[in-house]
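Here's the letter readout for the chains.
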Amino acid sequence: INKIGILILIIGVAIGAKYAIDHQLISPLTRIILGYLVGGGLLAFAIRLKKNYENFSAVLLSGAIAILYFITFFAYASYDLIPQVLAFTLMVVFTTFAVVAALRYEMQVIALFGLVGAYAVPYLLSDGSGNVAILFSYTALINAGILAIAVRKYWKPIYYSAFILSWLIYFSWFVFSYRME
């Protein structure tokens with residue numbers, strides 16, 4: 001039930017943001033700031049609840065990370081409020097935080113949120129330059145992080161997800177971007 005609740009909260013934040021956008025109620029900068037405040041507040045609330053309600057806290061933390069990813073993406077892609085390098089840095093920080101939190105909570109669900117976010121970053125923040133060296137270096141960096149998790153935890157869904165996502169990245173590049181010349 002708590003996972004359904006956090007999904008409803010994330011959808012509610014998205015609907016509220018869309019309503020504010022459609023009706024021009026608040027400026028884009030205010031929307032992004034409010035989004036970060038909601039994500040940060042949810043994160044702080046999750047950390048505070050960890051001692052007594054660890055499972056609920058983990059779900060709240062995962063939702064906070066998802067909100068922070070989405071807000072950063074919208075700040076970069078929709079409103080051009082932050083440069084690409086800052087958006088990339090923020091998303092790497094969120095991913096690193098998700099991995100550390102997953103290890104501290106000892107819960108795979110948090111690691112999966114971080115993993116999905118980590119693999120989505122190059123596509124969310126792509127400027128269309130087609131720099132394959134950066135894409136594959138970043139993917140190798142993510143996989144090194146998965147290896148670091150593997151040393152401490154034996155979480156098969158994480159390994160399978162990383163394997164599938166890494167190959168999907170490679171095949172999508174090979175099919176859509178690879179040129180013989």
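Our structure is the block above this text.
Now for a quick tour of the structure. (Residues numbered from 1 in each chain as written. Predicted model: local features only at pLDDT ≥ 70, side-chain atom pairs only at ≥ 80, totals over all residues. Heavy atoms only, no water.)

1. Regarding the environment of K156
Within the secondary structure, K156 sits in helix α7 (residues 156–176). Given a relative accessible area of 37%, K156 falls into the partly exposed group. For K156 and Q108, which are 48 residues apart along the polypeptide, the C-alpha to C-alpha distance reads 9.4 Å. (Helix = DSSP H or I, 4+ residues; strand = E, 2+ residues; numbered from the N terminus. Buried < 20%, exposed > 50% of the residue type's maximum accessible area, 1.4 Å probe, protein only.)

2. Some thoughts on the packing of helix α2 (residues 28–49) against helix α4 (residues 84–105)
Put simply, α2 and α4 touch, their axes get as near as 14 Å, and they point 15 degrees apart. With respect to α4, the element α2 is oriented roughly parallel. Where α2 crosses over α4, the handedness of that crossing is left-handed. Every residue of α4 that contacts α2 at Y36, L43, A46 and I47 is listed here: L90, F94, F97 and Y105. (Axes fitted to C-alpha atoms, helices over the stretch in contact; angles between N-to-C directions. Parallel < 35°, antiparallel > 145°, perpendicular 65-115°, else oblique. Left-handed = near helix turned anticlockwise from the far one by under 90°. Contact = heavy atoms within 4.5 Å.)

3. Things to note about helix α1 (residues 2–22)
With 21 residues, α1 extends 30 Å from end C-alpha to end C-alpha; this agrees with the ideal 30 Å at 1.5 Å per step. Lining the buried residues of α1 we find α2 and α3 (54–77). (Expected span 1.5 Å × (residues − 1).)

4. Thoughts on the packing of α3 against helix α5 (residues 108–124)
Two elements in contact, α3 and α5, have axes separated by 9 Å at closest approach and are oriented at 10 degrees. One element, α3, and the other, α5, form an angle in the roughly parallel class. In this structure, α3 uses A58, L61, S62, I65, A66, Y69, F73 and Y76 to contact α5, whose residues at the interface are V109, I110, F113, G114, G117, A118, V121 and L124. The residue inventory of the contact of α3 with α5, partitioned by class, reads 13 nonpolar, three polar and no charged. (Nonpolar A, V, L, I, M, F, W, Y, C, P; charged D, E, K, R; others polar.)

5. A closer look at unusual backbone geometry
A positive phi angle, near 50 degrees, is found at D80, a position not held by glycine. Along the chain, D80 falls in the loop between α3 and α4. For D80, a relative accessible area of 62% puts it in the exposed group.

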